[in-house]
Structure formats: structure tokens, C-alpha cells
Amino acid sequence: MVIVIPAHNEEDLLPRCLAALGAAIESVLAILDPVPPTVSVVIVLDRCTDGTESIAAGFPGVHLVRSDTGAVGAARRAGVRGILKSAGDFTGRTWIASTDADSAVPVNWLTSQLAFARNDVHLVLGTVEPDDCLDGEIRDRWAMEQRLVEGHPHVHGANLGVRADRYLAAGEFPGIDSDEDIALVAALRGLRVCEIRTARIPVRTSGRLVGRTPGGFAGYLRVQAARLRVLGETEVEAIDAAGTLPGANRLA
């Protein structure tokens, strides 16, 4: 099993991510299995200029990969390739799990994915929920527009698992700066893979309005803020252009 985590200046949230991931890995290793899975964690340091690298290096057994592309799709792809280096490594017995450095997976995140994989599922799509830094009114709007049920329609790179041979056949994560998860899933569906969309393994992610990609979950939340007139359209446009929130972050 390969767990890939792209990180760009996430020194504040990475400790939460790694603590949650550690608990999920312990659950996998606690399973009484004659051949316990090998778990490899890859953190992709994408143009980091803060303390992210030192925090990542302190996680037991982590593999560090450096990237200067500034594109989350390229970072995820490089992370997978940091462990699975040749085509022969992408077998049907290897599972790739993807999350984000600003997110915290549940303790059953890996055990559930492996259980699905043992039942010939090729693709697992989970749900995400924002953490407490999201304003209550925007959170309510977000909840109203979600279908957090089995068979949900959502695709999140922060909560995705795929069998390695199917991942390679689909062309891997594309090296783009947003929606790389959606593009990969579209390619996988073109291969008619067996997929499951589950709400049983929700990942808690940052509710910030300014993320590390041009769009992503933060971009979606900004749209919600604009609809509620918490942020005006010109403010949202300024955020999208500059990547920073003008003035004080009133919703943090």
C-alpha cells in the first residue's frame, strides 16, 4: 500500500494529518493476517518554504519527495512514482491511497479501503467534511448541498483509493494544478473499473477559504461565501487572482 500526501507550506496542519494517519496505519497493522500489508507513506514537499519538511521527516518511515512544479496533480503523481518506480511495480496487489496535508483521515480509512480491494473494488471514493474553522452559516450551506451517503456523487483527492494497475492504465494523476482527482476518476471510469462511493470513511479537511490550489475545496467554499454575501464578488475575484484573502480573514 502506498499513501501519497502532497504538502505545500502546511506546517500548521500537517501534524494533525500525520497523527490521524498514524492511527489508521496502526489499525491496518493490527489485523491478524498471515501476510500483513506493507505500508509506505510518501509526503511530497511541493515548493515548501516553512517547517513542513522537518515535521514530515519526523514521521516514522516516511519517504520524502521534493517537487518544484507548484501543481498538485504533478505532486501526487511524483509521490506515487517515489515508491512505484517502474511499470512492473503497478500490480493488482498494490493499493494507492490519496489524501491531503491539511486533512485528517478516520481510523478506519485504510482498513475499509483494503476490505473493498479484497472484494475486487478498483476505486474507492470517500467524502470530506470541513473542520471547525469554517463559519457556521457557510457550513450550513455546504451541508445542504452535499449528499454524504452511500453512492454519493463527490470526488476528492483528499479521500481517494485506487488499485495500482488500474491507476497506471488510466494514465496516472495528470500534472495539473487543480481537478487532477476528477480527471483521474474520469479516465478510470473510461476503463469501466469497479468503483464504490462511500460515506463510511469521511475525511476531515480544512475549512479555510484560501487553499494551496487555484480552486479545490477552498475555492468551492469561497463560492458559498459569495452566495451568502459574506464575501462580495470582487473580494472572491481578488482571492482567486492573488491567492490571499484581502484584509482580515473574517471567516477563520
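**Concerning unusual backbone geometry**
Consideration 1: Although it is not a glycine, N9 adopts a positive phi angle of roughly 50°.
Consideration 2: For N9, the location among the structural elements is in the loop between β1 (2-7) and α1 (14-29).
Consideration 3: Phi is positive for R192, close to 60°, though the residue is something other than glycine.
Consideration 4: The topology assignment puts R192 in the loop between α7 (180-190) and β9 (195-197).

**Describing the nonpolar core**
Consideration 1: Counting residues in hydrophobic clusters, the biggest one holds 33 residues, and the most contacted among them are I3, I5, L21, V41, I43, W109 and L110.
Consideration 2: Among the elements of the structure, β1, α1, β2 (40-46), β4 (95-98) and α4 (109-118) are those that each provide at least two residues to this core.
Consideration 3: With eight residues, α1 is the single largest residue contributor to this core.
Consideration 4: Beyond its immediate stretch of four places on either side in the chain, L21 contacts I3, I5, V41, V105 and W109.
Consideration 5: Residues V42, A75, L160 and V162 belong to the second largest nonpolar core, which totals 23 residues.

**Quick notes on the packing of α1 against α4**
Consideration 1: Orientation of α1 relative to α4, taken along the N-to-C sense of each, is 45°, at an axis distance of 7 Å. Classified by the angle between their axes, α1 and α4 sit oblique to one another. Across the interface between the two elements, L21, A24, I25, S27 and V28 of α1 pack against W109, L110, T111 and L114 of α4.
Consideration 2: In terms of residue class, the contact of α1 with α4 is made up of seven nonpolar, two polar and no charged.

**What to know about the sheet that holds strand β5 (residues 103-104)**
Working definition: the strands of a sheet are paired by backbone hydrogen bonds and lie parallel or antiparallel to each other.
Consideration 1: Read across the sheet, three strands follow the order β5-β10-β7 without closing on themselves; strand pairing throughout is mixed. Of all strands in the sheet, those with a lone pairing partner are β5 and β7 (128-130), marking the two edges.
Consideration 2: When β5 meets strand β10 (residues 203-205), the two strands line up antiparallel, connected through two bridges. Across the sheet, S103 pairs through a bridge with T205, a residue of β10.

**Considering α7**
Consideration 1: The complete set of buried residues in α7 reads E180, D181, L184, V185 and L188. Each buried residue of α7 lies within a common arc of 130° when the element is viewed along its axis, so the set occupies one face.
Consideration 2: Check the buried side of α7 and you find it contacts α3 (72-81), β6 (123-125), β8 (160-163) and α6 (164-169).
Consideration 3: Downstream of α7 by one or two residues, R192 has phi in the positive range, about 60°.

The rules we used
- Residues numbered from 1 in each chain as written.
- Predicted model: local features only at pLDDT ≥ 70, side-chain atom pairs only at ≥ 80, totals over all residues.
- Heavy atoms only, no water.
- Helix = DSSP H or I, 4+ residues; strand = E, 2+ residues; numbered from the N terminus.
- Core = buried A, V, L, I, M, F, W, Y, C linked by side-chain atoms within 4.5 Å.
- Buried < 20%, exposed > 50% of the residue type's maximum accessible area, 1.4 Å probe, protein only.
- Contact = heavy atoms within 4.5 Å.
- Axes fitted to C-alpha atoms, helices over the stretch in contact; angles between N-to-C directions.
- Parallel < 35°, antiparallel > 145°, perpendicular 65-115°, else oblique.
- Nonpolar A, V, L, I, M, F, W, Y, C, P; charged D, E, K, R; others polar.
- Pairing = 2+ DSSP bridges.
- Arc of directions from axis to C-beta.

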